[in-house]
Structures are given as C-alpha cells and as structure tokens.
2 protein chains.
Amino acid sequence: MSATAPAIWSLANPRVKAAVRLRDRRERETTGLTLVDGGRELLRALRQSVEVDHAFVCPSLVIGPDAAAALDALQKSGAPLVEISPAVLTKIAFGDRSDGLVAVIRQPSLALEDLAAVATRLVVVVEAVEKPGNLGAILRTADAVGADAVIAADPRTDVYNPNTIRASLGTIFGMPLAVATAPQALDWLVSSGLTPIAARVEAAETYLETDMGGPIAVVLGSEAEGLTETWQDPRVRSVRIPMLGAADSLNVSVAAAVLLFEARRQRMASGSQE
Amino acid sequence: MSATAPAIWSLANPRVKAAVRLRDRRERETTGLTLVDGGRELLRALRQSVEVDHAFVCPSLVIGPDAAAALDALQKSGAPLVEISPAVLTKIAFGDRSDGLVAVIRQPSLALEDLAAVATRLVVVVEAVEKPGNLGAILRTADAVGADAVIAADPRTDVYNPNTIRASLGTIFGMPLAVATAPQALDWLVSSGLTPIAARVEAAETYLETDMGGPIAVVLGSEAEGLTETWQDPRVRSVRIPMLGAADSLNVSVAAAVLLFEARRQRMASGSQE
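Below is a short write-up of the structure. Keep in mind that what you see is a predicted model, and the values were worked out from it rather than measured. (Residues numbered from 1 in each chain as written. Chains lettered and ligands numbered in written order. Predicted model: local features only at pLDDT ≥ 70, side-chain atom pairs only at ≥ 80, totals over all residues.)

A short note on the nonpolar core
Our working rule: Put simply, a nonpolar core is a cluster of buried Ala, Val, Leu, Ile, Met, Phe, Trp, Tyr and Cys residues tied together by C-beta atoms within 7 Å. Residues are called buried when their C-beta atom has 20 or more other C-beta atoms within 10 Å, exposed when it has 12 or fewer, and partly exposed otherwise; all C-beta atoms are positioned from the backbone. Residues are defined as contacting one another if the C-beta atoms placed from their backbone atoms lie within 7 Å.
Core analysis: the biggest nonpolar cluster contains 190 residues, and Val-124 of chain A together with Val-124 of chain B have the highest contact counts within it. In this structure, Val-124 of chain A is in contact with Ile-138, Ala-142, Ala-147, Val-150, Ala-217, Val-218, Ala-256 and Leu-260 of chain A, ignoring residues within four places of it in sequence.

Points about the sheet that holds strand E1 (residues 33-37) of chain A
All names here are of chain A. For clarity, the threshold we go by: Criterion used throughout: strands pair if DSSP finds at least two bridges between them. Helix and strand assignments follow DSSP, with helices taken as H or I runs no shorter than four residues and strands as E runs no shorter than two, numbered in order from the N terminus. Note on method: axes are straight lines fitted to C-alpha atoms, helices fitted across the in-contact stretch only, with angles between N-to-C directions ranging 0 to 180 degrees.
If you walk across this open sheet you meet the four strands as E1-E4-E2-E3, and the pairing is mixed. Sheet topology places E1 and strand E3 (81-83) at the edges, where each strand pairs with a single neighbour. Across the sheet, the axes of successive neighbouring strands diverge by a mean angle of 20 degrees, strand direction being ignored. Of the pairings in the sheet, the one linking strand E2 (residues 52-57) to strand E4 (residues 101-106) comprises five bridges and is antiparallel in character. The partner of Val-52 across the bridge, within E4, is Ile-105.

What about unusual backbone geometry?
Residue and element names in this part refer to chain A. In this structure, Leu-169 is a non-glycine residue whose phi angle is positive, near 55 degrees. Mapped onto the fold, Leu-169 is located in the loop between helix H7 (162-167) and strand E7 (177-180). Note on Leu-169: 23 C-beta atoms within 10 Å, which makes it buried.

A word on the packing of helix H3 (residues 39-47) of chain B against helix H4 (residues 65-77) of chain B
Residue and element names in this part refer to chain B. Inclusion rule: Crossings are assigned a handedness: left-handed for a near helix turned anticlockwise from the far helix by less than a right angle, right-handed for a clockwise turn. Under the grouping applied here, Gly and all other residues not named as nonpolar or charged are polar, the nonpolar ones being Ala, Val, Leu, Ile, Met, Phe, Trp, Tyr, Cys and Pro and the charged ones Asp, Glu, Lys and Arg.
Contact pair H3 / H4: the axes reach a minimum separation of 8 Å and the direction vectors enclose 35 degrees. In the packing of H3 onto H4, the handedness of the crossing is left-handed. Residues Gly-39, Arg-40, Leu-42, Leu-43 and Leu-46 of H3 form the contact with H4, whose own contacting residues are Asp-66, Ala-67, Ala-69, Ala-70, Ala-73, Leu-74 and Ser-77. Among the residues forming the contact of H3 with H4, the class breakdown is eight nonpolar, two polar and two charged.

Focus: the relation of the copies chain B and chain A
To be explicit about the condition: The copies were overlaid by least squares, fitting only the C-alpha atoms of residues that reach a pLDDT of 70 or more in each copy.
For these two chains of identical sequence, chain B goes onto chain A by a turn of 180 degrees and a shift of 0.0 Å along the axis, with RMSD 0.0 Å. The superposition operator between the copies reduces to a two-fold rotation axis. When the interface residues of chain B are mapped onto chain A, 100% of them again fall at the interface, so both copies present the same face.

None of the figures reported here should be taken as evidence of function without further support.
Put into structure tokens, the structure is as follows:
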C-alpha cells in the first residue's frame, strides 16, 4: 500500500459494495469468499496460509499490537490492499472491533477427506448447529483443549460465516474443520478408530463415569432438538451431564466445554500425551 | 382474559409503547420494570413468585406445552392480561421466540444483604460483565451445577436486561443474584467463609491442582481486561485453565463452566453434598 494510493471514500465503490454483499450467506456460498474482521483473527488466518483475495485497510484505525502485526503480515503476504476511509470501514466491517482491517479471503476446504492427515485422538462433532456464535465458541474451546479436528454435521449456518470467525477469535483457521452429513461423520469417526461419545440428556451414564482418555469424538446435538437418529447406533456411547437445577439442558458450547475439558483432565491425570 | 375483551391492534397504544420502551436500559432502570419473553422463561419467573405488573398475550401464538402452562400460571396469578394482535406482539417481543407471551415484571431485588439467607458453598462472581448473553449463560451454568448464588460485580450491563433473562432460560429467577462493587463482593465472600478462586491466565497453579471441594467462589473477569486490582489480594487464590492452542483465553461463560463443573466433580468424587 503506497502512501499516495488513492483511498476509497465512496460507499458506492464496486469493491466496497462487493465486500458488503459478503455479509450475506448466499453471496459467500456463490463466491467461495468470506470476510475476516479484526487484527487477531486476520493474523491467525495469515499464519495458516489462508488465501487473502484482497484486504481493506483504514490506516488511522489500525491501533494496537495485533492490528499492527496483522497489517505487517498482510503487506508481506503480497495480497492487494485497498485503503479506505473510516466511513467506508464502518460500512464494510461488522461492529466496532475490526481494528481498521477487513480481509476478503477464500474459504479453506471443508472436505472430510482432508481430515485424513490429522491426528485423531480427540475430535468434536456438532450437529445441526444454527448460531454462528455457538460454532465459533466451540472452535475456540476445541483449540484450547488441543482437539485434533471439528466436524460440523448438517450445519444450519455456513461455517465460514464472519460471525463464526469472529467468535472463534480466528482459531477456526488453525483447527482442521470439515462439513459432512451425520451418517458420513459417524462412518468417518468409526473408520478413524474413534469412539463417538454423544451428549444426551436421557443417557444412563454420566460423563464422569465414562472413560474419555482414549481416542474419542465428543458429539453434540442442537439445543432445540438434540441429536438425530443417526447417533442412535450401537457404535455410539451416550453420556449425560448431570443437571442439578431448574433447567434440563446446557448451552451447546458450554456442554462441549464440559465434556472436552473432562477428556483433557482424564488424559492429564493418566499422563497420556494424546 | 375474557374471550370478548377488546384486543389491542394498534402499535400506537400507550401500553404497547411503554412496553417497547423497556427494551431500553435507561427505561428499565427508571421504572424498575423489565420484560420477560417466552413461555419457559415466564413459567420460571412465576414459580419464583416474581411480581408480574401485566402481561401481553397473543392467543393464536400460544403454542406448545411451555406456553400453555405459562398462560395458565399467568391467569392464576391474577396479573392483568392484555390481548394483542400478532403485529403488536412482533413489536413488543424480542426475536421470534416469545411463544405469544411477553410479561412486564418488577425487577427482583439485587441487594447483597439479601444473599445472607442462602447457603454459601459454591458462589459465582463475574466482574465487569458486558454482554447480557454471557451473563445469561453463566446463570444457566450456575443453575446446572447447583451453585448457591451469583454476584455481578460492577456489571457493564443491567442485570435484568431481557437478553440476559432469555439467555438464562429464566433460571435467573431461581438463582439468588446480587449486584455489588468488587470490594463489597470480596468482603462479602470472605465474611461468608468462602475462598475466592480467581481465574487468571497468568496464575501459576492450574484449576486441576486446586482443591475446589470446600466453600468457594469462582471469580471471573472480563474477557478484554481480566480481573481488576481488587482481586490481587492475599485472601484470593488464583488458578489458571491450561490452554493448549493458539488462543490464550476462553469465552467467559466457557471458563465459568469449566471451573464450576470441576468444583462439582470434586464434590461428587469426595461424596460431599455441598
């Protein structure tokens, strides 16, 4: 980005309009592109060699170490940078935490086959997830516990929704991630030697009684409807999180965290490095 | 509600306009009222004898067992019911999950003194919480683990924000809840015989090495800034949740869940009923 490059001040600029359209799911699906807002998120994308098609920069708003590091990494990546005014940034960015940076990226692959190469000791499957914020929070937790992969089975949101990216704090780019149907996901888990452990409110066994120290997949259903029939399968083990209060269910990202941190605790307690 | 009572069809009706104004924080603070959307949430409020000032009912949208039970409980409560059209409901309700019911309630007390009567074995303190959704999720988790109380220290949202009520699934009404300054909260915890256990990314000890089986308070700071200086106190024990991935922090409601479910696990493992 040259200091003398003409910045875009017009909201009617075609590139600005094209970026704004990417807030719409259909446009993301048609183009295979999506938006990344924020320095930390963008930095994590660049570290994972995500392909940046082009990026918008509002220099006066690039404040703080994450934003500065992301801008530096963007410049080194060779991606075309487009300078914009604060008003244009407000139009393109989501909310007020973009750090002056919004990138248009090519969505990384979500093919189940591409998970073949990853270690498979601890995997997370989330079925029929609807809210991008929940999927993002699950990705962030999967990152925290050192999970090997996340599979979205029959998701009801597009996985690269900008709000998912944001809620994941960009950890989505470092986490092997696939989309599949529920039967495909189950077959893949079993053929990969993982025991699927499904969270069900009606399960007889509690998660604390369950050995989660081996190769497992934690499987979570939608809050409204639970898991589908696919997971009523002799190859799947069901566990319950004991509920001591008035409500009978947890937020799906909280349920994921409870099971994943217990799996991690058991591995640490047994000295396993899995 | 008589079948012949005239339903409100006008968005300009003063009661409708007053209800809509309660979506605004200042109006909630001035009036001491707030809104409860949804059958399940309203049912939990009524079970806890929350005072309903009046409620709006759109009969054609009262569908499902929760909504029917809530309407029944509302009728028995003697609260004035106002019949409204679907268009008016859309104006008053938040989102599309009101179940045809929106109640205007008097906010229950948030005085720290009122917690004196509750058992104090497991308490949650959340400092400077900003997002109603996070506070609601923490209340829901506190309910699930059988916590005795939740304290919002210097909250940056009003606790009875309708989105908090919604995210808590109405468990907010069954959970003893107080607002205090951070120093007041700390003093109250210590004088109640609880050990404050503060989640800090830089703590030397991990939560898995920490005895959480006794009377404790789990203390969480804001995601952006962590805990304030108040909690740098010799009476406070700091613990860290090990992070194995790219990100260095968890969503605050996920961190709360990890610590609270570990506290519950330790109590179950030791056979304690606390």
